[in-house]
Structures are given as C-alpha cells and as structure tokens.
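The chain contents come next:
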Amino acid sequence: MAFVVKKNIRGKDYFYLNENKRVDGKVRTKTIAYLGKIKKEAEKKASEILKSRERKIDKIVLVKDKKTDHKKGTMEKKNISIEELTTFCKRKGFVYPSGEIYGGFAGFWDFGPLGVELKNNIKKLWWQFHVLSREDIVGIDGSIITNPKVWEASGHVSSFVDVAVVCKKCGNKTKIDKYEVGKALCEKCNGELESKGEFNPMFATSVGPISEESIKAYLRPETAQLIFANFKSVYDNLRLKLPCGIAQIGKAFRNEIAPRDFLFRSREFEQMEIEYFINPNEEKCPYKIPNVETFIYSEEIQKKNLEPIKMRIKDAFEKGIIKKEWHAYWLATELLWFKSLGANLENFRIRQHSKEELSHYSSDTWDLEYKFPFGWKELEGIADRGNFDLFQHEKASKKDLKVFDENSKERILPSVICEPSLGVERAFLVFMFDSYFYDTGRENIVLKIHPKLAPIKAAIFPIVKINKDIVRISHEIYANLKKEFNVIYDSGGSVGRRYARNDEIGTPFCITIDEEGLKKKDVTIRDRDTKKQIRVKISELKNILAKLIEKEIKFEAAGEIFE
Ligand code: ATP
C-alpha cells in the first residue's frame, strides 16, 4: 500500500510518499520520496511517481507531531541503586565486567566505548585543573612495577595491612582497618565480626624469566610513592620553588578482600594524586581558600554523635575546625573541581579521621565523602603526610633528598602539607549518579552530564535519509566537527528516537539538518537539558559548539531560538 504522509516537524508540514510492505510476516514502512511542503504539489508529485510505477495513492495520513521535540513532561532526578547503575553502564556500553564471556572476574572491570571517553575526560579535566592551569604543580608518570625497595621503605611491605573479617550472624565477608578490630560491627546486619587475620593487599609478582634469579616485586598499591622516589630529580630538573606539587594519574592495584559495589571497590583502579610540598617552617598558604560550602563532620562532631554542620570551608578554618590553612585550601579546591563539572555538592561532606583511624604517617586527614546509595563513603583522602615518606626514602636509599629552598636560603627536607588522592572510578560514579535524570515526557533516562565530561559532544542527524543533499551536507558537517570533537552521525529511526537515544548517553547537543537549512545554510541545535532549539549558520557551527561545550555562552544566546 502506498500513501502520502504529512509530518509536522517543529511546526512545519512536510509531505512524504510512503509504502507499506509485508516482509517476513511483518508490515514495514518505507519512504519512497520526499514530496515537498505544499499539499497539492505533493499529491501531484506522488501521483506522477506512482503512475510511473503503475500504482495509485491509497490515502493521505497525518502523522502527529512525531518528529517534534515538544513532548510535555518534566526532568526528574532519579536516585538509583549501584546495581541499577551497573546494569545501565553495561547496557549502554560504559562498563563491562572484565572477561564477562567467562563469567567475569571479581574486582576487575573493562571500560566500553562510552566509558573510556568519560574516564578520559575526567582524567584530562583533572589534569587541566590541577596541573596545566597552575604554575606550582608539575606532573609525572611513574611505572606500575618499581624497585621493591620503594615499598619496603614506605612501610607498605610490613604494615600495609587490612584485617579480613566474617560476620558471625550473616556470613558477610569484608575488610576492616586494624584499629577497628573488636570495635566494628557488620555493616549489613550489625552482627559480631570474626577476624580471619591480617592480609597485605599488595599484588606480588616476580620479575625476570628464570625463577631462581627472579626478584619478588609488587604492582603498585598507590601512585604516591613514585612521586616521592622521583621528588629530588623533578624538583631540581624543573627548578621548582616551594611551595609546589607533583601530580600523577595512573593505575593502582589492591588485592581487596571484598571487592564490591561496582567500580567503588575494585582490585585494579586509577588514582589522581598530588603530593604538595612546603618548607615545614613556612606553613602560610599564599592562595585564597575557594568559596565553597559543604557539610563538615569533624572528629569532635562525630564523637558527640551530632549531625555534620553546613558551612564554608573558609569559615571552618577561621573557627579552628580545620586546623591548617593549606588543608582548608585543598579541601575547598577539590570540592570546587567537582562543582565546576556539575557535581551536586549537597551530596558531599568532609569527614575528619579520628586519632585512632589516622595512618601512621599522617597528623591530620580529612576525607571528601559522597552519599552513595550504599551510604556515605570515601571519595578522596586529603592527608597531611608531613615528611614521613621523604625521610624514609632518604634513610633507606642513603641518598640526600634535601633540596634548596629559595625563600629561606636553606637546604631542607620538604613536608607534604597535603596529599589529595582521588580514585578515577569513584569520581566516575559520582558524575554518573549526579547526572542521572528521568524525562517523564519521553519516558526515558537523560544523563545530564556536564558537556565537558560527556562522552559524545554532539549527534548529527539528517532529518530524512532520502534527500541526497541533506545527507551530503550532514556528512560534511559530521566530518568537519569530528576533527575537533567526539561527535556521531545518527540517521537511524525517527528523530524522536534519536533524541531519546542520545539523551540517555548524555550527548548534550543534537544537530539537525533539514530542508530549510539547505537553503539558509544553517542547522538546528537542540539542547539536551531544556529541549530548546536554536538555528545557527553552518559556517559558525564549530565555533558555537566549542563555546557551548565549555559553557562560555548561554544556549539561548548562541543562535536564533526556534520553536
Ligand atoms: P578505602 O578506605 O575505601 O579502602 P583507602 O583509604 O584505603 O580507601 P586511599 O589509600 O586513601 O584509600 O586511596 C586514595 C583513593 O583511591 C581513595 O579515596 C579512593 O578514591 C581510591 N581507591 C582506593 N582503593 C580503591 C579501590 N579498591 N577501588 C577503587 N578506588 C579505590
């Protein structure tokens, strides 16, 4: 059956000649030709086409609003469980269980095409914010396996231990810190825990092909030690001046007793760390504490069993809750980074470690915590490490690791006033949870992720596949944008379905090329979060898209609003 279809696309009528055919027992609709915008001409054109095929028009059907994006509804925040996020990530190509065709492997995950883009964006934006945009921080990339003496000197071989425990009531297996033995109860049922002994989570390996001559080494359990081991070379080569930092992003491995909660606790993960060095006799922070507010959960508040207090980090420092200005500076800076990428700070708090909880090397540690669906958990540790590590490496290597401080004109062993240490995967989870919304109109998920983080920056749609000029221009636009941004070409299904598909994976902008645009040499851009559309000239598209991704211009101001 052949019929003419009138489609209303963003308020305008377009006519098409369609045909229904039965294929394998199913009725399939195929568009035979585009007939223009005027009904009479469309009917005439359709008759001519069908005449040449010796067919008649069967009927004219109005297909209601199918390609418009005016579906009423609201965008609602959806709180999902970690299991739901795991399923979503797998279904959409973000993250897969590693070696899944063999049943997976506990604690190991593979990042799919969208996941790798998001993860790379997180790392790139972290590096830009913490290293490239600052004068006082440089970066390194240390090796995963290094001389095992590094781990002996740092104390990891002898005292990096977790205690394996099993709940006597529900059988839940987990790990606790040494200081929690005899105090902690089962996190699932509050049952009593039975200790199964201490366990060093470092993965050991042997280096060298002949077993008798091989050396026992370790996959690094943290990136920090490679910074300490290289500290003096980096400081001297780059002619650094205190205060200054060395940053690193890289893989770390821990043979976790109970890997769980998707990416939250895995056995292979990545860390983004900074060791920030100062002269221990000069603790003044020359930078302003960024103006951010969060929930403060100091040791005192915890001891008194009170609720965390919301206040500016700057005020917490001035009130003496956060003891050191540098610590306040780094806590606020880290929160600012999350905020700048769209994370919701209402889901964050900073929690101070109690005296018993503090690591042997730290005099004060605050964790940036996030309200995960499975409770408040550590996202990033920010420790005052003092000069413990450089001191240990100086002693063990017998190398002088002191450096010259320009300001005090003396040779000193610097102190690490702060060590912000953030897991890439935990940041990944935060951005996924905070951007997970539901569109009640379209009835589909919308990942409202910051455009800078979005795996795909824009999807390019030819409005119809049958118009050769539209397809050609769409391909040209796609090829041109692809040189600079990760964009996709999407011509499958109705425009509505294409919007929904892209909303779900967080594509912030959909660019449509239509009949009108062919004449005017322009396109429409549709904003994921507001569904508003603007028309912009093709010649300005690249420039405008770059500004929209960076949020340098408001969407409505970037082009002519199109209803
Ligand atoms: P936790 O108490 O959760 O085991 P930790 O205090 O041992 O963490 P750190 O040694 O301070 O963690 O590591 C710094 C950061 O590295 C953590 O804040 C976290 O973001 C990340 N991280 C640590 N262990 C893991 C893991 N097993 N899986 C994913 N990320 C991790």
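Look above for the structure.
Rules behind the numbers
- Residues numbered from 1 in each chain as written.
- Predicted model: local features only at pLDDT ≥ 70, side-chain atom pairs only at ≥ 80, totals over all residues.
- Heavy atoms only, no water.
- Core = buried A, V, L, I, M, F, W, Y, C linked by side-chain atoms within 4.5 Å.
- Buried < 20%, exposed > 50% of the residue type's maximum accessible area, 1.4 Å probe, protein only.
- Helix = DSSP H or I, 4+ residues; strand = E, 2+ residues; numbered from the N terminus.
- Contact = heavy atoms within 4.5 Å.
- Disulfide = S-S within 2.5 Å.
- Pairing = 2+ DSSP bridges.
- Axes fitted to C-alpha atoms, helices over the stretch in contact; angles between N-to-C directions.
- Expected span 1.5 Å × (residues − 1).
- Bend = angle between axes of the 7 residues up to and from the residue.

## Describing the nonpolar core
Across soluble globular proteins, nonpolar side chains show a tendency to be buried alongside one another.
And then number 1: Core analysis: the biggest nonpolar cluster contains 70 residues, and Phe-94, Ile-122, Ile-313, Phe-338, Phe-348 and Phe-431 have the highest contact counts within it.
And then number 2: If one sorts the elements of this core by residue count, helix H9 (residues 325–340) sits on top with nine residues.
And then number 3: Other than its neighbours up to four places away in sequence, Ile-313 contacts Ile-289, Val-292, Thr-294, Ile-322, Ala-328, Leu-331, Ala-332, Leu-335 and Ile-350.
And then number 4: Counting residues in each nonpolar core, the second largest holds 32 residues, with Tyr-16, Tyr-499, Ile-511 and Leu-541 among its members.

## A few points about the state of the cysteines
And then number 1: Throughout the structure, instances matching the rule amount to zero disulfides.
And then number 2: Between Cys-285, a cysteine without a disulfide, and Cys-418, which holds the nearest cysteine sulfur, the sulfur-to-sulfur distance is 9.2 Å.
And then number 3: The buried category is assigned to Cys-285, whose relative accessible area is 3%.

## A few points about the sheet that holds strand S26 (residues 458–462)
Note on sheets: strands pair through backbone hydrogen bonds, and any given pair is parallel or antiparallel.
And then number 1: Within the open sheet, the six strands sit side by side as S27-S26-S28-S29-S30-S31. Their pairing is mixed. Since the sheet does not close on itself, it has two edges, and those belong to strand S27 (487–489) and strand S31 (560–562), each with one partner. Looking at each pair of strands side by side, their axes are set apart by 30° on average, direction ignored.
And then number 2: Note that strand S30 (residues 533–537) and S31 share three bridges and pair antiparallel. The partner of Ile-534 across the bridge, within S31, is Ile-561.
And then number 3: Helix H13 (residues 495–504) rests against S26, S27, strand S28 (509–513), strand S29 (522–527) and S30 of the sheet, and its axis sits at about 170° to S26.
And then number 4: Running at roughly 160° to S28, helix H15 (residues 541–549) makes contact with S26, S28, S29 and S30 of the sheet.

## A few points about unusual backbone geometry
And then number 1: The step from Leu-242 to Pro-243 runs through a cis peptide bond, and the omega angle for that step is -5°.
And then number 2: For Lys-551, which is not a glycine, the phi torsion comes out positive at approximately 55°.
And then number 3: Considering the arrangement of structural elements, one finds Lys-551 in the loop between H15 and S31.

## A look at the sheet that holds strand S17 (residues 309–312)
And then number 1: If you walk across this open sheet you meet the nine strands as S8-S14-S15-S23-S20-S19-S18-S16-S17, and the pairing is mixed. Since the sheet does not close on itself, it has two edges, and those belong to strand S8 (137–140) and S17, each with one partner. Pairwise comparison of adjacent strand axes, ignoring direction, gives a mean angle of 30° for this sheet.
And then number 2: Here strand S18 (residues 348–352) runs beside strand S19 (residues 364–372); their pairing, made up of five bridges, is antiparallel. Residue pairing in the sheet places Phe-348 in a bridge with Tyr-370 of S19.

## Here's the deal with helix H6 (residues 224–237)
Since the α-helix turns once every 3.6 residues, residues separated by three or four places project in the same direction.
And then number 1: Counted at 1.5 Å a residue, the expected span for H6 with its 14 residues is 20 Å, and the 19 Å between its end C-alpha atoms agrees.
And then number 2: Of all the bends found along H6, the most pronounced is centred on Asn-230 and spans about 60°.
And then number 3: Looking one or two residues past H6, Arg-239 carries a phi angle of roughly 50°, positive in sign.

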